[in-house]
Amino acid sequence: MTSLDTPLGKAADRQDERLATPQGIGDAVRAAVRRTRDGDLGMLPVVAGIVVIWTIFQSLNQTFLSSTNLVNLAFEMVPLGVIALGVVCVLLVGQIDLSVGSVSGVSAAATAVVMVKHEQPMALAIAVAIGSGCAIGWLYGQILNRFGVPSFVVTLGGLLAFLGTQLWLLRDQNAINLPYDSPLVKFAQVWFVPEALAYVFAVAAGGGFLAVGWVRARSRRRAGLSSASMPWLGLQAGLLAAALLFTVYYLNRTRGVPWMFMLFVTLVLMVHYVLKKTKFGRSLYAVGGNAEAARRAGINVRAVYTSAFVMCSALAATGGVLAAARLAAANQSTGTADVNLNAIAAAVIGGTSLFGGRGTAFAALLGVLVIQSISSGLTLLNLDSSYRFIITGLVLLVAVALDSAARRSRQAHGRG
Amino acid sequence: MTAPAAPTAPTVLSLRGVSKQFGAVAALTGIDLDVAAGEVVAVVGDNGAGKSTLVKILSGVYTPDGGTISFHGREVSLGTPADAQAIGIATVFQDLALCENLDVKANLFLGQELRPWMLDDVAMETRSWELLRELSARIPTLDVPVAALSGGQRQTVAITRALLGKPEVILLDEPTAALGVAQTAEVLNLIERLRGNGLGVVMISHNMDDVRAVADRVAVLRLGRNNGVFDARTVTSEQVVAAITGAADNVVAQRAARRASAGPRADADPRTDTAPRPDSGPRKEKELP
């Protein structure tokens, strides 16, 4: 790695005299505040949304923020969250998948049929379910690429066709129960991270954040580029670790941190790495931003579309398996009703653009937390689905309106 | 027709008798063109003269039906855009082809990222700054998405990206077409720096001012054929326009003559005077019924 000449003792990327050079923690905080004010909101609106929603529900029902209910929330959000993670991938390339609910339903039914009806091992059942998810995504990609059918239509067809497949798979009985003693069901209902290990995870997350930031800052300094100040990095890592430690402590007061939730977090981190640190992830953003430019830059746009759909359907299928495990059954209504739209809404509420090229893996995590919080809060208040739909719809509208307003502000302040 | 200035540097890219046929239409017939290292060759011509076809042949999008293309005296075939880039011919198309949602460094390295499975952001950023400094490009930070840049800065990013593969010849398709006055000057400076760095530059343009400002030689295409190569320092706009339109007595010359006899502001706005369009005659009649 060559080092650039750095006259004036300034980092190579801070040479232009028009640039303000931040120094120390105070400047870093001020820069963050300015970024937010200019409309570069990042995760702030959805985090603020969660705070508002939690405050309201807590004031209406004291059990909402109880440890028991939050442990339940940590379980309930996983199937939908995994599906929403897939939706983020498809939205990133500027496409849409309306059939994630049906695909998750088929996959739940397939798991149950293979495992219970044919009495095959659990691993095979899961492999069949996720494998068929991959095949469905590949099929969508082929139809989109070869015939140029818009993904909206392809996946609308898929929604109906796979709903039919699910009903056909379960034609003899309305529901197939999974055995309660199977590891799959235990995983989704009673397996928790041991208390001490959960604390270790929380500290490790803060330490990992600090280590990654430190390595990055060191290699940037060596290359003569500006780098984050260590106190600022330490502050962020400390806050992260403290927040996680408190969460673990609070959940440990009752049942603890579900392993299923850890699986979800792991998936989010994996997708985050792929999106941000690999050439493939970069090409997803590029295709979503300007497919023609990506093609001219030598990116195989068709392969990118296909792999985005494969990722989406595979994650939807995984979500279906987890939903079946959570319920300990696959029935004809698994993955139907509002699963499709909730998954897409979660991705969008989390800050993923419907027009492609913008969004992160954490959008799925935070978006689904919003949606499941609303659902859980209203259930505690004994209000039926009608309220849930209306309120979720309003939140979605607010999220998208806020995003549009922020985008206009970003453009006005030259942040794209 | 003036004799072209003999290029002093060695010729890098050389076209002889290049032709391209689209059905019954001969888009290009027997085109000859030489580009030396450290030289800016402007290719001008009216709409339909074959400029775009020529660019697409040189960038490997179209394959020519006849003739030869040689690079450093060796005959080459440009079957695909990747071939052209591998040989050392980079192209900046008119629409730039940038991803507006990605930041500057992501755009520069798009499709050729370092370390595909663990992107080397630091090395990519360092290399980006090196390239931009070489061109004395005025882009304050690489962290902003391209959507936040001005037109001239975008053109700079597109040209810088073309330089990433260390080309010897760079094709610029209408580099100043969509730009304002200051931004045009910025891009013209950039073209001069490319020449200073020893690159052969082929610049397709409609704008006679820009051509005369930076080009060393002006090659005129007319109806898919060579219609003269001029030394940009000595040629007059009238001569070039005559070659473009194929006649000394053309609409543009008539206008210039009329304005010269009308007053001293004859050359006040050569930009509009020297950009002829085939339909400018009839349109004028409509304006003055």
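Rules behind the numbers
Per chain, residues are indexed from 1 in the order of the written sequence. Lettering of chains starts at A and numbering of ligands starts at 1, both following the order in which they are written. Whole-chain, interface and lining totals are the exception, using all residues; otherwise, since this is a predicted model, local features are given only for residues with pLDDT of at least 70 and side-chain atom pairs are given and counted only at 80 or more. The basis for every side-chain value is the complete set of heavy atoms in the structure, and neither hydrogens nor water enter the calculation. Segmentation of the chain into domains, including their bounds, is taken from an automatic or database domain assignment. Summed over both partners, the accessible surface that disappears when two parts come together, traced with a 1.4 Å probe, is what is meant by buried area. A pair is scored as a salt bridge if a Lys or Arg side-chain nitrogen falls within 4 Å of a carboxyl oxygen belonging to Asp or Glu. Think of a polar contact as two N or O atoms within 3.5 Å of one another; within protein, one of them needs to be a possible hydrogen donor and the other a possible acceptor, and neighboring residues in sequence only count if both atoms come from side chains. A run of DSSP states H or I qualifies as a helix once it reaches four residues; a run of E qualifies as a strand once it reaches two. Both are numbered from the N-terminal end. Classification of residues uses two cut-offs on accessible area relative to the type maximum, computed with a 1.4 Å probe and protein chains only: under 20% is buried, over 50% is exposed, and between them is partly exposed. Definition of nonpolar core: a set of buried residues of the types Ala, Val, Leu, Ile, Met, Phe, Trp, Tyr and Cys, connected through side-chain atoms within 4.5 Å. Contacts are assigned to residue pairs with any non-hydrogen atoms lying within 4.5 Å of each other. In this description, strands pair whenever DSSP reports at least two bridges between them. Throughout, an axis means a line fitted to C-alpha atoms (over the contacting stretch in the case of helices), and angles, computed between N-to-C directions, take values from 0 to 180 degrees. Note on residue categories: nonpolar means Ala, Val, Leu, Ile, Met, Phe, Trp, Tyr, Cys or Pro, charged means Asp, Glu, Lys or Arg, and polar means any other residue, Gly included. What counts as a ring pair is set by centres within 6.5 Å for rings of Phe, Tyr and Trp (its six-membered ring), and what kind of pair is set by the plane angle: stacked under 30 degrees, edge-to-face over 60, tilted for all other angles. Definition used: whenever NZ (Lys) or CZ (Arg) falls within 6 Å of the ring centre and also within 35 degrees of the ring normal, the charge is taken to sit over that ring.

### Focus on the domain arrangement of chain A
All names here are of chain A.
- According to the domain assignment, chain A consists of domain 1 (61–191 + 258–416) and domain 2 (192–257).
- Here domain 1 and domain 2 have C-alpha centroids that lie 27 Å from each other.
- A combined buried area of about 1,100 Å² lies between domain 1 and domain 2, and 65% of that area is made up of carbon and sulfur atoms.
- Area buried by domain 1 at its contact with domain 2 is led by S67, V71 and W259, which between them contribute 42% of it.
- Here domain 1 and domain 2 share 0 salt bridges between them.
- Our enumeration of links across domain 1 and domain 2 arrives at 5 residue pairs in polar contact (both at pLDDT 80 or more).

### Quick notes on the pattern of salt bridges
Residues and elements named next belong to chain A.
- Enumeration according to the criterion identifies 21 salt bridges over all chains in this entry.
- A salt bridge links E292 to R296; its shortest N-O distance comes to 3.1 Å. Separated by 4 residues within a single helix, E292 and R296 lie in helix 12 (residues 291–296), roughly one turn from each other.
- Residue classification places E292 among the partly exposed positions, given a relative accessible area of 32%.
- What makes R296 partly exposed here is its relative accessible area of 29%.

### A word on the nonpolar core
- Counting 111 residues, the largest nonpolar core has L85(A), F264(A) and V287(A) as its most contacted members.
- Of all the elements, helix 3 (residues 67–92) of chain A adds the most residues to this core, at 17 residues.
- Summarising the domain contributions, this core has at least three residues from each of domain 1 (61–191 + 258–416) and domain 2 (192–257) of chain A.
- Non-local contacts of V287(A), meaning those with residues more than four positions away in its chain, are made with V93(A), A294(A), I299(A), V301(A), V304(A) and Y305(A).
- The next biggest cluster of nonpolar side chains, apart from the first, holds 55 residues, and it includes V146(B), L172(B), I191(B) and V220(B).

### A look at the sheet that holds strand 2 (residues 25–36) of chain B
Residues and elements named next belong to chain B.
- Spatial ordering of the open sheet is given by 2-1-4-5, a layout of 4 strands whose pairing is antiparallel. Of all the strands in the sheet, the pair left with one neighbour each is strand 2 and strand 5 (74–76). In this sheet, neighbouring strand axes are inclined to one another by 25° on average, regardless of whether the strands run parallel or antiparallel.
- In this sheet, strand 2 lies alongside strand 1 (residues 11–22) in antiparallel orientation, the contact comprising 8 bridges. By the bridge assignment for strand 2, T11 is matched with A36.
- Its contacts with the sheet put helix 1 (residues 51–58) on strand 1, strand 2 and strand 4 (66–71), and the angle it makes with strand 1 is roughly 120°.

### What to know about the interface of chain B and chain A
- Listed as interface residues are 33 residues of chain B and, on the opposing side, 35 residues of chain A.
- Applying the counting rule to chain B against chain A returns 4 salt bridges.
- For K277(A), the salt bridge goes to D121(B), with nearest N and O atoms at 3.2 Å.
- Connecting chain B to chain A are 10 residue pairs in polar contact (both at pLDDT 80 or more).
- With 8 residues, the top contributor of residues to the side of chain B that touches chain A is helix 4 (residues 121–134) of chain B.
- Considered class by class, the residues forming the side of chain B that touches chain A number 20 nonpolar, 5 polar and 8 charged.

### Some details on the packing of aromatic side chains
Residue and element names in this part refer to chain A.
- In this structure the tally under the stated criterion is 9 aromatic pairs over all chains.
- The interplanar angle of 70° and the centroid separation of 6.4 Å between the aromatic rings of Y140 and F162 together place this pair among those described as edge-to-face. With a gap of 22 residues between them, Y140 in helix 5 (residues 122–147) and F162 in helix 6 (residues 151–169) connect regions that are remote in the sequence. Exposure class is identical for Y140 and F162. Each is buried.
- Among the aromatic residues, those joined into a ring-pair cluster are W54, F57 and F64.
- A cation over a ring is seen here: R171 above W168, with NZ or CZ 4.2 Å from the ring centre.
- When the ring centre of F389 is taken as origin, the NZ or CZ atom of R388, which lies over that ring, is 5.2 Å away.

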